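Residue-level structural notes
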Amino acid sequence: MEVLLSLGVGAVAACGIYLVLRERTFSVVLGLALLSYATNLFLFSVGRVTVGAPPIANPDAGAVAYADPLPQALVLTAIVIGFAMTAFVVVLALVARQRLGSDEVDAMPPRKEPPG
Amino acid sequence: MMHLPVVMVALPLLTAIGCLLWGARAVRPRQSLVTERAVSQASLLVLVVISIRLIVETAAGHVFVYRLANWPTPYSIALVVDRLSATMVALTAVLALFVQVAAAGDEDGRGRFFHPLLHLQVMGLCGAFMTGDLFNLFVFFEILLIASYALLMFGGGAVRTRAALHYVVLNLVGSALFLVAIGMLYGTLGTLNMADMAVRAAQVGPTDRPLMRAAAGLLLLVFGLKAAIVPMNLWLPPTYHAASTPVSALFAIMTKVGVYGIIRVFIPIFGPDQGEVTGIADPWILGLGLATLVVGTLGALAATELKQLVTFLIVNSVGTQLTAVGQFTEQGLAASVYYIIHSTFLTAGLFLVSGAVCHQRGEIGGRLSSGPAMHEGRALGYLFLVAAMSAVGLPPLSGFVSKALILSATPPALQGAVWPVVLATSFLLLVQLSRVGSVLFWNLAGDVPPPGSKPGPHASRGPALGLLSASVLLAVFGGPVDTFCRDTAAAVYDREAMIQRVLGDDAPTPKTRDDMPVPPHGYVRRPQPEVPVP
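Here the structure is a predicted model, which is why all the values come from computation and not from measurement. (Residues numbered from 1 in each chain as written. Chains lettered and ligands numbered in written order. Predicted model: local features only at pLDDT ≥ 70, side-chain atom pairs only at ≥ 80, totals over all residues.)

1. Some words on the overall build of chain A
Per the secondary structure count, chain A includes 3 helices and 0 strands. In sequence order, the secondary structure elements of chain A are arranged as α-α-α. The globule rule puts the C-alpha radius of gyration for 116 residues at 13 Å, and the 20 Å found for chain A is more than 25% above it. Taking the principal axes of the C-alpha coordinates as reference, chain A spans close to 70 × 30 × 20 Å. Going through the 116 residues of chain A one by one, you find that 31% of them count as buried. For chain A, long-range pairs separated by at least 24 residues make up 49% of all intrachain contacts whose partners lie at least 6 apart in sequence. (Helix = DSSP H or I, 4+ residues; strand = E, 2+ residues; numbered from the N terminus. Rg over C-alpha atoms; globule rule 2.2 N^0.38 Å. Buried ≥ 20, exposed ≤ 12 C-beta atoms within 10 Å, placed from the backbone. Contact = placed C-beta atoms within 7 Å.)

This is how it looks when you write it as structure tokens:
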């Protein structure tokens with residue numbers, strides 16, 4: 001199962017990197033989302049892959065398998081942050097499309113304006 | 001007293017929420033701004049006072065370990081304030097106060113919610129400088145980043161939007177990599193508390209060394225992206241150039257977060273005497289530091305615009321800091337702490353001065369060619385002179401003291417590599433800054449300011465003067481400050497004392513994965529946490 005999981009994480013991450021390197025903001029946003037999914041899956045698996053084990057350690061039960069609860073908490077936090085960031089980047093991409101008149105990541109501003 | 005660390009996080013958050021609600025309900029944003037300014041300034045003043053108190057307490061040898069919700073370590077997320085953290089937090093608070101005063105003249109009215117964003121940024125910075133937990137560091141990184149995204153966009157405009165898009169995408173990729181690094185470290189060490197990680201990293205076996213090496217490399221990449229180390233420096237000049245003047249002055253401390261992360265991870269966790277992981281990235285850090293120094297200087301030489309020049313001076317200063325940190329000696333770290341204090345104030349002051357210069361030159365802005373006279377050419381010229389001398393490292397200002405400290409801290413084996421680079425780049429900066437100063441202030445196209453131009457808001461003059469006077473003060477009080485920096489560096493290198501302070505008497509008996517019984521289905525089991533009693 002580890003092999004399947006790691007192949008999955010690798011495939012999703014590869015797709016994410018490919019999309020992030022594209023020139024249009026839409027694919028870049030999709031790529032960022034895929035990248036964060038891959039990261040979350042990876043993070044989930046660092047507590048070792050367990051099946052059907054409770055995330056609660058019972059000191060009396062001895063050597064019984066349990067799922068490490070900490071990575072689950074980390075993933076939850078990472079998902080929330082990733083969700084907020086994706087929402088932000090979507091809005092930013094829309095604003096950029098409006099202000100730059102193009103949805104290319106490297107679009108040049110329509111006219112020269114002095115910053116500051 | 002014992003709650004002081006958490007106030008440094010909670011107060012900016014509450015101020016931000018308060019300002020946000022007040023600003024959002026206002027019918028006329030301009031009028032509500034007056035209240036927002038007052039509240040925001042008062043709150044920052046309180047932060048400065050608290051952070052000075054933190055410095056005084058930590059200088060007396062106290063280390064604050066604030067366990068959130070009072071869970072026992074290492075299960076709790078702890079805020080750990082030692083001398084270095086207190087210094088960085090005080091630096092943040094003082095800088096934010098100056099930036100707030102500078103922005104309160106005019107800039108904060110060009111959009112909405114400047115003050116809430118400023119305080120969220122301060123909250124993220126203070127949290128990142130105080131946390132003792134690697135995942136919590138990630139969370140505070142995200143807070144300061146999302147505030148910085150919005151601050152960068154502050155005031156609007158196509159140029160800023162484009163810069164912000166690049167900055168956001170890069171940092172989101174950086175965050176993903178940070179999470180991967182955290183995951184690898186947790187998977188190997190079984191903890192995220194940085195003091196606990198230092199304990200367990202020393203016990204890593206040879207089989208886990210490649211994993212640790214990869215995680216260390218990823219962390220270096222992530223911190224390098226924040227600090228703008230070569231080759232991750234390309235985002236910084238356009239981003240800081242596009243930001244409005246007070247915002248770019250505040251961003252002067254953003255690169256320091258990356259350097260601070262490198263100090264906190266690569267000295268206690270991957271530092272000396274750590275068994276298999278000893279000095280896992282040391283040669284990289286010094287090499288990249290020297291490369292960053294060179295690239296920053298070359299960029300400054302090639303700059304065609306004043307603010308662009310200052311952004312490359314930031315890259316240059318990051319290189320100098322890393323050159324000092326990367327020597328991995330106490331003296332090197334002490335020199336870099338001094339340099340961090342010096343360069344934060346200097347860069348912020350330079351940004352404020354350049355903002356005023358660009359404004360007063362009218363249409364030509366910051367372009368480095370002969371332009372009209374400025375309304376306050378003389379005053380700005382003196383400020384620029386002080387800043388330039390300090391940036392180059394000419395005596396008697398703090399730039400000279402800091403570079404002399406770095407050079408004298410260099411161990412003989414590294415002198416052949418470090419001295420020529422630092423001295424040659426300083427010389428090139430001297431050439432370029434003399435040229436820029438002459439062009440801006442002497443090579444004028446006319447003796448009178450262009451008709452219709454205004455001297456502009458005066459609010460940034462005072463803060464610029466205050467920030468740049470730090471260069472003088474740091475040199476005048478060089479002795480005490482140097483002693484303080486040496487003690488700070490010694491505290492960072494004293495790993496055992498830090499572990500003792502953070503983990504206390506109930507320090508967990510170190511366990512490796514090999515000690516643990518294998519559960520029935522064959523998967524390797526992690527060290528079983530005891531059920532914490534709140």
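2. Brief notes about the nonpolar core
Counting 216 residues, the largest nonpolar core has B:Val89, B:Leu95, B:Leu152, B:Ile182, B:Ala348, B:Val353 and B:Ala387 as the members making the most contacts within it. The greatest single-element share of this core, amounting to 20 residues, is contributed by helix H6 (residues 158-189) of chain B. (Core = buried A, V, L, I, M, F, W, Y, C linked by C-beta atoms within 7 Å.)

3. A word on the packing of helix H16 (residues 398-409) of chain B against helix H18 (residues 461-476) of chain B
All names here are of chain B. Interaxial distance between H16 and H18 falls to 7 Å at its minimum, and their mutual angle equals 50°. In this view, H16 runs oblique relative to H18, as classed from their interaxial angle. For the pair formed by H16 and H18, the contact residues are Ser398, Gly399 and Val401 on the first element and Ser471, Leu474 and Ala475 on the second. Partitioning the contact of H16 with H18 into residue classes produces 3 nonpolar, 3 polar and no charged. (Axes fitted to C-alpha atoms, helices over the stretch in contact; angles between N-to-C directions. Parallel < 35°, antiparallel > 145°, perpendicular 65-115°, else oblique. Nonpolar A, V, L, I, M, F, W, Y, C, P; charged D, E, K, R; others polar.)

4. Let's talk about the environment of B:Ser426
Secondary-structure assignment places B:Ser426 in helix H17 (residues 412-441). Once residues within four sequence positions are removed from consideration, B:Ser426 is found in contact with B:Val392, B:Gly393 and B:Lys403.

5. Quick notes on the confidence of the model for chain A
In the predicted model, chain A carries a mean pLDDT of 86, and the fraction of residues at 70 or more is 91%. Looking at the elements of chain A, mean pLDDT is at its lowest for helix H3 (residues 69-100) of chain A, recorded as 92, and at its highest for helix H1 (residues 2-20) of chain A, recorded as 94. (pLDDT = per-residue confidence, 0-100.)

6. Re the packing of helix H14 (residues 330-360) of chain B against H18(B)
For any two helices packed against each other, the geometry is given by the interaxial angle and the distance between the axes. Residues and elements named next belong to chain B. The geometry of H14 relative to H18 is characterised by a closest axis approach of 8 Å and an angle of 145° between their N-to-C directions. In this structure, H14 crosses over H18, and the sense of that crossing is left-handed. Packed against H14, whose contacting residues are Ile341, His342, Phe345, Leu346, Ala348, Gly349, Leu352, Val353 and Ala356, the element H18 presents Arg461, Pro463, Ala464, Leu467, Leu468, Ala470, Ser471 and Leu474 at the interface. Residue composition of the contact of H14 with H18, grouped by class: 13 nonpolar, 3 polar and 1 charged. (Left-handed = near helix turned anticlockwise from the far one by under 90°.)

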